[in-house]
Amino acid sequence: MGGYSTQEVAELIGMKPDQVRHYVRRDLLEPLRGERGEFRFNFQDVVLLRTAKSLLDAKVSARKAYKILLKVQSELTQVQTLASVRIFADGNTVVVHQDNQLWEAESGQVQLDFSVADLADKVADIAVHNLIEARASNNLDSDEWYNLGLDLEEVDPEKAPQAYIRALELDPKNADAHVNLGRLLQLKGDLKSAKRHYEMALQIAADHQLAFYNMGTVFDELEEVDKAAEFYRLALAVPDAHYNLARISEIKGDEVSALRHMRHYRKLLEADG
C-alpha cells in the first residue's frame, strides 16, 4: 500500500498522532485507507500538516488556522511540482511561492517559512525505506508497486521508475504503470520508449485518456502538430488536451476552434476545482 502511516507522518512533522487524525476529522485531509482500514497519507497531506504545525507553533487561533489551511489546500492542488514550493509569511499574509508565482492565504501576523523541498527530503527517506522493504519482502502486488511509484515521484523521482518497472513485471497489463513510466521516460527525453509504453497502455485500455494525451505531447515535442491534435481529440476528458488544441487551432488561424477549446478547458478546470 502506498502513502505514509499516521505514526510516520506524526513523527516527521512533530505532531501527536491524534493531532494528525484531528485534521482528517475536520475534513481538511482525505487520506486513503490501507488493508486494515488505517490512514495512508500522501505527500500533499504531509505539506498541509507541516503548514498546520507551523500555525499551531505560532499560536494562531483555531478558526483562523482552519481558514488558512483551506486556502493553502486549494492552492497546493494548482502546483504541479510540490517540491519547488516555499510557504512563508509576508507581513500579515501567508504566501505560497512557486517559481515566479505567488498565492496568498489570509492570516494574521504569523511567522511561517519552510521549503517543501526540505520536507521532501525527509519524506523521501520514508519512501525509499518503503522501497527497500518492498524489495526485501517481495510481498507487494502490481498495484501496490504502482502506488509506491506514485509516492516516489513526489519525493524521489529518480527511483520511481524502479517501482513502475516492478509493477509491470508482476502485471504487464497494468496500463497506469505503463503511462507513468512512459511519462518519466519522456521527461528524460526518451520519446521512443515513452511512446512504446503509451501504445502498450492503449492496447490494454483502449480509451485511456492520459495515454492518448501523453501520445499527443510526444508528437507535440516532435513538432508534428497535426498528429498531436489527433491524439488530443481522443483525450477530451483531460483539460490540457483542450488547452493544447486551442493553441494548435490558433497557430492554424482557426480562432473559432481555439475559443471553443479554451471554453472547454476552463469548464473542466472549474469542475475539477
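Note: the structure precedes this text.
**Quick word on the overall build of the chain**
Counting its regular elements, the chain contains 13 helices and six strands. For the chain, buried positions account for 48% of its 273 residues. When contacts within the chain are restricted to residue pairs at least 6 apart in sequence, long-range pairs at least 24 apart make up 52% of them. Surface accessibility of the chain: about 14800 Å² in total, with carbon and sulfur atoms responsible for 48%.

**Re the pattern of salt bridges**
What the rule picks out here adds up to eight salt bridges. A salt bridge links K195 to E199; the nearest nitrogen and oxygen atoms lie 2.7 Å apart. Note that K195 and E199 are positioned in helix α9 (residues 191-204) at a spacing of four residues, about one turn of the helix. One salt bridge connects K227 with E230, and the closest N-O pair in it is separated by 3.7 Å. Separated by three residues within a single helix, K227 and E230 lie in helix α11 (residues 225-232), roughly one turn from each other. Using a relative accessible area of 42% as the deciding quantity, one classes E230 as partly exposed.

**Topic: the packing of α9 against helix α10 (residues 209-221)**
Orientation of α9 relative to α10, taken along the N-to-C sense of each, is 155 degrees, at an axis distance of 9 Å. One way to sum up the angle between α9 and α10 is to call them roughly antiparallel. Judged by the sense of rotation from one axis to the other, the crossing of α9 with α10 is left-handed. Mapping the contact onto sequence places L191, K195, Y198, E199, A201 and L202 in α9 and A211, F212, N214, M215, V218, F219 and E221 in α10. Within the contact of α9 with α10, the residues separate by chemical class into nine nonpolar, one polar and three charged.

**What to know about α9**
In a regular helix each residue adds 1.5 Å, so 14 residues correspond to 20 Å; α9 covers 20 Å between its end C-alpha atoms and thus fits that length. Of all the positions in α9, only L191, S193, A194, H197, Y198, A201 and L202 are classed as buried. Check the buried side of α9 and you find it contacts α7 (160-170), α8 (175-187) and α10.

**Some details on the packing of helix α1 (residues 6-13) against helix α2 (residues 17-25)**
Between α1 and α2, the shortest axis-to-axis distance is 8 Å and the interhelical angle comes to 110 degrees. Judged on the interaxial angle alone, α2 and α1 are roughly perpendicular. Along the contact surface, α1 presents T6, Q7, V9 and A10, while α2 presents P17, V20 and R21. In terms of residue class, the contact of α1 with α2 is made up of four nonpolar, two polar and one charged.

**Some details on the packing of aromatic side chains**
Considering all chains together, one arrives at six aromatic pairs under this definition. Geometrically, the ring pair formed by Y146 and Y164 is tilted, given 5.7 Å between the ring centres and 45 degrees between the ring planes. Highlighted residues: Y146 in helix α6 (residues 142-155) and Y164 in helix α7, separated in sequence by 18 residues. Take Y146: its relative accessible area is 15%, and that puts it in the buried class. Between F219 and F231, the aromatic rings sit 5.6 Å apart at their centres with planes inclined by 5 degrees, giving stacked as the arrangement.

**Side note on empty space enclosed by the protein**
Tallied over the full model, the rule gives one cavity of 30 Å³ or more. The space that makes up the largest cavity amounts to roughly 30 Å³. With four residues, helix α3 (residues 43-57) is the single largest residue contributor to the lining of the largest cavity. Residues belonging to the lining of the largest cavity are distributed by class as follows: seven nonpolar, no polar and one charged.

Conventions and cut-offs
Residues numbered from 1 in each chain as written. Predicted model: local features only at pLDDT ≥ 70, side-chain atom pairs only at ≥ 80, totals over all residues. Heavy atoms only, no water. Helix = DSSP H or I, 4+ residues; strand = E, 2+ residues; numbered from the N terminus. Buried < 20%, exposed > 50% of the residue type's maximum accessible area, 1.4 Å probe, protein only. Contact = heavy atoms within 4.5 Å. Areas by Shrake-Rupley, 256 points an atom, 1.4 Å probe, with all protein chains shown as cover. Salt bridge = Lys/Arg side-chain N within 4 Å of Asp/Glu carboxyl O. Axes fitted to C-alpha atoms, helices over the stretch in contact; angles between N-to-C directions. Parallel < 35°, antiparallel > 145°, perpendicular 65-115°, else oblique. Left-handed = near helix turned anticlockwise from the far one by under 90°. Nonpolar A, V, L, I, M, F, W, Y, C, P; charged D, E, K, R; others polar. Expected span 1.5 Å × (residues − 1). Phe/Tyr/Trp six-rings, centres within 6.5 Å; stacked < 30°, edge-to-face > 60°. 1 Å grid on protein atoms, 1.4 Å probe; cavity = no way out; pocket = protein on both sides within 12 Å on 5 of 7 lines; lining within 4 Å. Points joined across faces, edges and corners; volume = space filled by probe spheres on them.

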